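The lines below spell out each chain.
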Amino acid sequence: MIITDGQRHTIGILVQNVPGVLARIVGLFSGRGYNIETVTAAETNEKGLTRITLVTTGDERVLSQIVKQLNKLVNIIKVYDFAETEFVDREMALIKVRAEQATRAEVLRIVDIFRAKVVDVSPHFYTLEVTGNEGKITAIMELLDQIGIVEIARTGKAALARSKKH
Amino acid sequence: MKIRGAQILFECLKKEGVEVIFGYPGGAVLDIYHEMPRHNIRHILVRHEQGATHMADGYARATGRVGVCLVTSGPGATNTVTGIATANMDSVPMVVLTGQVPTALIGDDAFQEVDIIGITRPCTKHSYLVRDVNNLASVIKEAFYLARTGRPGPVVVDLPKDVIQAYADFKYPKKVDLPGYRPTVEAHSGQVKKAYQMLKKAKAPLIFAGGGIVISGSTEELVTLANLIQAPVTCSLMGLGGFPATVADKDGGRRPNPLFLGMLGMHGTYQANMAISHADVIFAVGVRFDDRVTGKISTFAPNARIAHVDVDPTSISKNVDVDVPIVGDCKNALQQMIEIARNEPIEGVGELRKGWLDEIAHWAEEHPLSYCRSQDVIKPQYVIEKIYELSGGEAIITTEVGQHQMWTAQFFRFHRPRGFLSSGGLGTMGYGFPAAIGAQVAYPDELVVDIAGDGSIQMNIQELCTAVCNKVPVKVAILNNHYLGLPRQWQELFYEKNYMGSDLEGSPDFVKLAEAYGAVGLRATRPEEVEPVLREAFSIKRPVLMDFHVAREEGVFPIVPPGKSITEMLLA
Ligand SMILES: Cc1ncc(C[n+]2csc(CCOP(=O)(O)OP(=O)(O)O)c2C)c(N)n1
Ligand SMILES: [Mg+2]
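Residues numbered from 1 in each chain as written. Chains lettered and ligands numbered in written order. Predicted model: local features only at pLDDT ≥ 70, side-chain atom pairs only at ≥ 80, totals over all residues. Heavy atoms only, no water.

Draft legend 1. Just the pairing of strand 3 (residues 49-58) of chain A, in detail. Residues and elements named next belong to chain A. Across the 10 residues of strand 3, nine count as buried, placing the element largely inside the fold. Strand direction decides the pairing type here: strand 1 (residues 7-16) and strand 3, joined by 10 bridges, are antiparallel. Of the residues in strand 3, the one forming a bridge with Ile13 is Ile52. Both strand 2 (residues 38-43) and strand 3 contribute to a ladder of six bridges, which runs antiparallel. Residue pairing in the sheet places Glu43 in a bridge with Thr50 of strand 3. The antiparallel pairing of strand 2 with strand 3 creates a hairpin that spans five residues between the two strands, and Gly48 there sits at a positive phi of about 85°. (Buried < 20%, exposed > 50% of the residue type's maximum accessible area, 1.4 Å probe, protein only. Helix = DSSP H or I, 4+ residues; strand = E, 2+ residues; numbered from the N terminus. Pairing = 2+ DSSP bridges.)

Draft legend 2. Quick peek at the interface of chain A and chain B. In this complex, chain A contributes 16 residues to the contact, which on the side of chain B involves 21 residues. With both chains or domains summed, chain A and chain B bury close to 1,500 Å², and 49% of this area falls on carbon and sulfur atoms. On the chain A side of the contact with chain B, A:Arg24, A:Arg61 and A:Val74 bury the most area, a combined 43% of that side's loss. Summed over the shared surface of chain A and chain B, the result is two salt bridges. (Contact = heavy atoms within 4.5 Å. Buried area = accessible area lost by both parts, 1.4 Å probe. Salt bridge = Lys/Arg side-chain N within 4 Å of Asp/Glu carboxyl O.)

Draft legend 3. Up close: a nonpolar patch on the surface. Judged by side-chain polarity, A:Leu22, A:Val26, A:Ile36 and A:Val39 come together as a nonpolar surface patch covering roughly 270 Å² of accessible area. For A:Leu22, the position within the fold is in helix 1 (residues 21-31). (Patch = residues over 30% accessible without salt bridge, like charges linked within 9 Å, V, L, I, M, F, W, Y side chains within 5 Å. Areas by Shrake-Rupley, 256 points an atom, 1.4 Å probe, with all protein chains shown as cover.)

Draft legend 4. Structural view of the nonpolar core. Residues and elements named next belong to chain B. Among the nonpolar cores identified, the biggest contains 73 residues, and Ile207, Phe283, Ile387, Met546 and Phe548 are the most heavily contacted of them. Examining the composition of this core, we find that seven residues originate from one element, helix 14 (residues 330-343), more than from any other. Taken together, domain 2 (189-366) and domain 3 (380-549) each give at least three residues to this core, which thus spans both. Apart from residues lying up to four places away in sequence, Ile207 is in contact with Leu222, Leu225, Ala226, Ile229, Ala231, Pro232, Val233, Thr234, Phe283 and Val285. Within the second largest apolar cluster, 46 residues are counted, among which are Ala60, Val92, Ala452 and Ala519. (Core = buried A, V, L, I, M, F, W, Y, C linked by side-chain atoms within 4.5 Å. Domains from an automatic or database assignment.)

Draft legend 5. Examining the coordination of the magnesium ion (ligand 2) more closely. Residues and elements named next belong to chain B. At the metal site, the magnesium ion (ligand 2) is ligated by Asp454 (OD), Asn481 (OD1) and Tyr483 (O), and these contacts range over 2.1 Å. Positions of the donor residues of the magnesium ion (ligand 2), expressed as sequence spacing, correspond to D-x26-N-x1-Y. In this pair, Asp454 is assigned in the loop between strand 19 (448-453) and helix 19 (463-469) and Asn481 in the loop between strand 20 (475-480) and helix 20 (485-494), connecting sequence segments 27 residues apart. For the pair Asp454 and Asn481, one class covers both residues: buried. (Donors = N, O, S within 2.8 Å, 3.2 Å for Na, K, Ca; no water.)

Next up, the structure:
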């Protein structure tokens, strides 16, 4: 099944942190022609458990197959289809932006508005850290682009369901 | 007391009840071979690792137990890939033990190092690289558990040489610890009820049964249900034998089962393809709606509401939208449904079904499975009918892949589960012969016949040596059309008779080849020689290769042209 378009979905995956588990997930997506837009993974507070947040695209049928196929992987403990639950999500971006005499003030104003942080300063560049949902990151990128973004590194989305522990 | 990894391995295999290993040695597994004679496990030395995997697969399909094979690292491991993928597609429980270079060398491109876990990841149910001898026992336990439970499948266990050489205490775990693996066995009773209500109201119900029936051992339940609700049954290739094509007669013979419509799909029977296209309710059990079954998906079963049972949730609503999904073991779902059907029988079901069953009978009469008989050349279908007749339908039949496979599915009337072993999902030429050896190892006294093509048999012909050396008296019936017959038929029908690449003229003399290996070779070139050759072969308690020179350009019919609806069958 090759997916050309469709809606974006965020999926949470709780996995046993064993060798190869990420390869199994990524291999599943590439092998079956599913898309991965972003993926983040890190260990949780519970030892041996890693939480992965993955953003994919596809119609309902594809999404349902993705969730089922993921559930079938032996090392996957739980899959959350965030299409069905409310969730909070954040991502962080490091943005290196041109900061010459004339533009510094403008950059700092934007930093202020977006509650971003300047984490590194060099003669010609500022490196900013901004955290937020996708919309916020996109918005600051658009503004900074007019001043001159040199490089950018984004973490991709991390997400948790809003209510009880899952 | 600490014992070596190699010994731990065998202690585990014995705990799992393993009685035979199909294997081939090499540097990385010599410690395992060194340990082997001290344990009461039979070793069948193969001639190619692909053969080992198909033998383990044939053993598993014939018995329902987990098949085991053992190979060395690098090329030994890569040679198992086709066999693993074959088993994975057809849900066959198998544990593949591969040697690996010592852990300290992994990643350094050591001699005969290959990342077999990476290579086989997409075609295994699960896999393990054992990095610590202290985990060996629990890994083996989990591997067997995973292989045989839920939807069965192959599990690869990669064993670095130093792990096998290291010492540890041996304790076989009582339980597996797999928090992410909980297959749903018990079907949801509400869903089963819903499915039954749908069937109860149906005017033209049809049961579509697949390999899940065979795997879960629910033939009896399926027969009971079909009889209770008087629903006709069609099978996928993998389902053949799961519902009896014939039933025992009073006089000891067998007669066609009136509720059985034969196989469905590309080479399915006319009545099966027509029935599914006219059914108003389909109860699908243990199938996955493969494209060889559905034909053009948008026109598949246009009038039907579908209830679908499978233990693997990914099989449900993958290719075909389903109205009542039921995740669970086929046996469990069928048992629940039988109970409901007994409590709430369909009033006057015999009378009610008459119209539908008559309609199907009419289709069957209109276009039955048939072929033009001949006095001059051997028809391949005739050989299959004779094998059926002479074995009373009791033989364990394996096939390769090609026309001979489809004719076997059509003309051998399988009446029991695990009597038909064929590579359905992957369509692996070269499967049938080693699979037959595996089945014969499990059942040394039964008649096991590989119905083969002249092309396929050459893909694992080297296993003749394995059969001879291990005294495995398998029979091979080559339906020799001197063609890669299936591609040739497609070229005839869809590629302007351009037989590029499908002419096999120039194959070896199979009789002499058999003799060279120390097996018996027999040949028939005329129809009247078929029966004597078969009789002779079946009376010999050694491996026999039979070379039947059959009509070269015979076709498999019906055939649904690729991309067409399954009602658009070419009938001759
Ligand atoms: C390993 C493998 N390679 C190629 C194919 C494609 N293929 C399917 S059937 C077939 C021809 C089989 O020829 P033969 O064994 O003589 O059987 P026949 O069709 O003539 O009965 C081929 C090449 C396959 N199924 N498996
Ligand atoms: Mg042939």
